[in-house]
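Residues per chain, in single letters:
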Amino acid sequence: MPLTETRHDEGVPPLITPARPLVGRSAELAALRRRVIDVPTASVTLLGGDAGVGKTRLLAELVAEAERAGAVVLVGHCLELGDSNTPYLPVSELLGRGVRDDPRVADVLSRHLELGPLLPSALRDTADTDAATDPLDLFDAVHAALEDLAASGPVLVVVEDAHWADRSTRELLTFLLGRGFRGPVALVVSYRADDLHRRHPLRPRLAEWSRLPTVERMVLAPMPDADVALLVRVIEPEVTDEEAAGIVARSGGNPFFAEELVAARGCGLPDDLADLLLVRVDALPEDTRRVLRAASVEGRVVDHDLLAEVVDLPRADLEQALRAAVDLHLVEVTGSGAYAFRHALLAEAILDDLLPGERVDLHRRYAEALRDRRGPRASAALAYHARQAGDLALAAQASFRAGKDAMAVGGPADAARHFEDVLVLLAENPALVDDLDADVVEVSLKAGAALLASGDPHRALELFRAQYAGHTGDLQERARLVAAISDAQLYIDQAEPDLALVDEAIGWLDRTDPNKTMAALWANKARMLITVDRFDEATIAATEALGIARDLELADLEADVLMTMARLDDFRGDSEGSLAALRGLIERTAAAGDVQGELRARHQLARVSARADDFSGAVDILADAVSRAAALGVPSDPFAIEARALGAHYAVIVGRWEVADLLLATERLGFPALAESSLDATRITLAALRGDADAVLAMLPDLRSAWPHDMFTTVHSTAAAIDAYAARGDLEGALAVHDEAVTLIGQVWALPVFDARARLSALVLAALADAVVAGADPGPFLDRVARLTDVVATVAARREGQGVEMRAWLRRAEAEAARFAWAGRGPAPVEVTESLAEAAGLFDRLPHPFEAARTRLRLAAALTSRGDRERARTVRGEAADLADRLAWPALLGLAPTRPAGTAHPTTRHTGSAGAASWHTGSAAGAPSDDRPHLTDREREVLALVAQGRTNGEIAAALFISTKTASVHVSNILAKLGVATRTEAAAVALRDDLV
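Please read all numbers here as calculations on a predicted model, not as lab measurements. (Residues numbered from 1 in each chain as written. Predicted model: local features only at pLDDT ≥ 70, side-chain atom pairs only at ≥ 80, totals over all residues. Heavy atoms only, no water.)

Trainee: What's the story with the overall build of the chain in this structure? I'm lost.
Mentor: Helix and strand content of the chain: 46 helices and eight strands. Within the chain, the fraction of its 994 residues that count as buried is 57%. In the chain, 69% of the contacts between residues at least 6 apart in sequence involve partners at least 24 apart. As presented, the chain carries roughly 39,400 Å² of accessible surface, and 51% of it is formed by carbon and sulfur atoms. (Helix = DSSP H or I, 4+ residues; strand = E, 2+ residues; numbered from the N terminus. Buried < 20%, exposed > 50% of the residue type's maximum accessible area, 1.4 Å probe, protein only. Contact = heavy atoms within 4.5 Å. Areas by Shrake-Rupley, 256 points an atom, 1.4 Å probe, with all protein chains shown as cover.)

Written as structure tokens, this is what we have:
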């Protein structure tokens, strides 16, 4: 008889019952006890440490104490399954064990039927895995179930080995941590710190989670030698002093290594850990080694029934072999009767020691044993073993099933990977399609839909196009592919959408028998026509789509078309009607559970608000959209990513930089590279406005690679780069980056003239004007200024009904051209002061406080040249007031506003290459005789600079980050008008500033 009968889906790592006292972790256990047992409150602990350092042993002690205290204890493990990881695997395990072992859990889960898909297959009814499950339902249900459990007492939830967590599990944890709990739910998440390389997907999550107020991060350091020596004595009292000293020295403070060294002492072990682990295995009977080799191919955990099918041994011999492994503590029996290697490193070492033929044969045996099993984990495991065994037909079938299972439980990123695995297999062997329950088009559409849902529309578009290029079959199928292509193009705002292709696809279909594909094509055509300003034709297409959607009762598509019509109302001048319609659609889609539709409606509402020059309102709408996407469990939805990028951009414009920082704080959440670049476009803009030219130019090369794919990224990173080069006095660099971007946009998007050229031209003209006002020869730049002026005039002429932002940049460009012509010789012409004043007023109306302040500083310099010093002081004071309102009060080199009756200090200018000139413009303005105003914090930093402290030492002394210290130092150098820290120290001592 097996030790315990179990199904494969219930196989879980062991809940270890401590067999001996805990050694060396009393402080950590006490800290966990306080949060979980002694004073039970809602809390989160992130428990990190290297492999073998003692995380599992510490948690086993905590679990045992929590159970003795009467708490509900739920434990789940993340497993390493390569590319076949299953969504929500640890959640499925902890819920399954809870239902089986604790009546309180079973009672609560009986009231949360939404959690059915997460239960192991043996504990739930068979469900249609094709039916997609909204992640919000799962997330809310998990949260609500834990709150219900906490209503009657403390709850301890342990998720082990989160470095192996699938993306869906990471997003669920983010949701739970962000929402928090009212009741005493203590969540402990462990992970291997040494596995978290720079690009590991858990790394940014940990940084995000650690910022939450209820989260504590505990990292287990190597144990001190004295504790390791005590552990050695506890394990083996008969060990000699010499042996103990050798084990302590070789273990490096790792208790697992120490335990293994104790167990294998006297065997002449090599230093390599894998060899060390295998020494104990090599000493076992052949049957036991055979069983362990087979178990290692399945991973860390294998259930009895599955192992019995794979290993060709009589039942009695199998149980004897397992007993030997259990007695030697190489494997543990789990609560459900499965077997788990006591440490994952042991399984890895045994697996690596297999011969290639042995490994393939064992994978084949597992695939055969798993062929008829059902459930998300079984599907993913079958796909993995079939691929490794070379059974491509079975691998394709299992991967397709695993993709559908992943979508059913709200894991689109995992689903996309499985579906793409199927496409790779079909491409290598087209005959495999005969054994599949779908054709290539169906798999492609499912893969693309999963990619879109996971926030990777560019990859989805590539996939659809590749499939269409090779398709020669049914026209209905080709039309479905065209609808998918046009959908992906709209997600990425492709400049030249394939309208002709869409029209051709519509022509393939029978107008007398409309279907969903036809409705989608008309709807996409309407949106595409809007992008090329063909509004009347767009209305006709939208009307066609709306009629079909209503006839076929396609509610989601109907809402999508109504959003398009609302945008058309806006373009026709009825912004109020458009806003009202979109607000209604937000309510409608939210009530219907149309997640994608709701996020698009919120995004469109913000775009209409921005077109009405309500940028601050648009920020609020987009920030709400980002929060809503997080709450719905879809932070990677394309409209959620776009809302984050656009919301941060608008927040920068209106001076709400703290909001921009918040929206950009989670930029590395596993977003695809091109989606990440749209966020980087705003990060580089913020770096530019904050005066960090080094950061701007360091970010520029990576952003350049995204330029051919995203015009938003191109325009905003170019603007930041122009300012950065100008700040360094590198006019050639500023001109070159401008020309490169303009040329590329003309080639890729066929736009030789576009609205944003007004802004880019104004920035280049400003850099050239600053240079000539500071004394540079204008001759080499005369032709360039003339061409830029012509471009500005063309932009002004082609765009009727200009918004405030467009007019502000047009006036600013005209003013900078006039400043260049003036060149600081004699009094500034009236046209200079008038155009600068008008531009400043327009920037006020947006509002765009940074550009309003920067324009005023140029105006003040021009007024000073005309002898109007009183008005110049007033204008400088207005600029200082605006600087006060921004997140960085030292911006523009100005002091905070002073009490009435006191003069506003001005910036010490250092010429076109100086850091201050980037923000203040020409050096033509008369500097104040006042000493530069430093904040209290800046005086503290300057005092440490004068002592020769580094930025890191300053940060440690003042309990701030090194980056913040660096920013303070940069601001101080700008205010003092010096280039080095040594000069700053000298000025500080000379002027008694510290």
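More follows now that the structure is in view.
Trainee: What's the story with helix α36 (residues 757-773) in this structure? I'm lost.
Mentor: Side chains of residues three or four places apart in an α-helix project in the same direction, reflecting 3.6 residues per turn. Taking 1.5 Å of rise per residue, the 17 residues of α36 would be expected to cover 24 Å, and the 24 Å separating its terminal C-alpha atoms lies within 8% of that figure. Counting buried positions over the 17 residues of α36 gives 17, a clear majority of the element. Directly after α36, the chain includes Gly775, whose backbone phi takes a positive value near 120°. (Expected span 1.5 Å × (residues − 1).)

Trainee: Sorry, what's going on with the pattern of salt bridges here?
Mentor: Pairs can form between side chains of opposite charge whenever their charged atoms are close. Scanning the model with the defined rule gives 60 salt bridges in all. Of the charged contacts in the structure, one is a salt bridge between Glu544 and Arg511, with a shortest N-O distance of 3.4 Å. Pair noted here: Glu544 is in helix α25 (residues 535-551) and Arg511 is in the loop between α23 (499-508) and α24 (516-531), with a separation of 33 residues, a long-range link. Across the salt bridge formed by Arg572 and Asp569, the nearest N and O atoms sit 3.8 Å from each other. Accessibility expressed as a relative area gives 44% for Arg572, which makes it partly exposed. Taken together, the shared-partner salt bridges connect Asp723, Asp770, Arg812, Glu816, Arg819, Glu851, Arg854 and Arg858 into one network. (Salt bridge = Lys/Arg side-chain N within 4 Å of Asp/Glu carboxyl O.)

Trainee: I'm lost on the sheet that holds strand β6 (residues 301-302) in this one. Help?
Mentor: To summarise the sheet geometry, strands pair through backbone hydrogen bonds and adopt either a parallel or an antiparallel arrangement. Taken in spatial order, the three strands make up an open sheet running β6-β8-β7, and their pairing is antiparallel. The sheet is open, and its two borders are formed by β6 and β7 (331-333), each paired with just one other strand. For β7 and strand β8 (residues 339-341), the ladder comprises three bridges, and the chain directions are antiparallel. Looking across to β8, one finds that Glu332 is bridged to Ala340. (Pairing = 2+ DSSP bridges.)

Trainee: Any chance you could explain the sheet that holds strand β1 (residues 43-49) here in plain terms?
Mentor: Strand order across the open sheet formed by five strands is β2-β3-β4-β1-β5, with parallel pairing between neighbours. In this open sheet, the two strands that pair with only one neighbour each are β2 (72-77) and β5 (215-220). Between one strand axis and the next, the sheet turns through 15° on average, direction left out of account. As paired elements, β2 and strand β3 (residues 155-160) share six bridges and run parallel to each other. Paired with Val72 across the strands is Val155, a residue of β3. Contacting β1, β3, β4 (185-192) and β5, helix α1 (residues 26-38) runs over the sheet at an angle of about 160° to β5. (Axes fitted to C-alpha atoms, helices over the stretch in contact; angles between N-to-C directions.)

Trainee: Teacher, can you tell me more about α23 here?
Mentor: Every buried residue of α23 is listed here: Leu499, Leu501, Val502, Ala505 and Ile506. All buried residues of α23 fall inside an arc of 160° around its axis, so they share one side. Exposed and facing more than 90 degrees away from the buried side of α23 are Ala500 and Gly507. Buried residues in α23 make contact with α21 (457-469), α22 (475-491) and α24. (Arc of directions from axis to C-beta.)

Trainee: Looking at this structure, how should I read unusual backbone geometry?
Mentor: Negative phi is the rule for most residues except glycine; trans is the rule for most peptide bonds. In this structure, Pro847 follows Leu846 across a cis peptide bond, with omega equal to 0°. With respect to the helices, strands and loops of the structure, Pro847 is situated in the loop between α39 (830-845) and α40 (849-865). Residue Ala750 is not a glycine yet carries a positive backbone phi of 55°. Residue position: Ala750 is located in the loop between α35 (731-748) and α36.

Trainee: Just checking my understanding: could you explain the nonpolar core for this structure?
Mentor: The tendency in soluble globular proteins is for nonpolar side chains to be buried as a group. Formed by 217 residues in total, the largest nonpolar core has its most connected members in Leu292, Leu307, Leu521 and Tyr650. Those residues in contact with Leu307, other than ones at most four positions away along the chain, are Val291, Ala294, Ala295, Val302, Leu322 and Tyr366. (Core = buried A, V, L, I, M, F, W, Y, C linked by side-chain atoms within 4.5 Å.)

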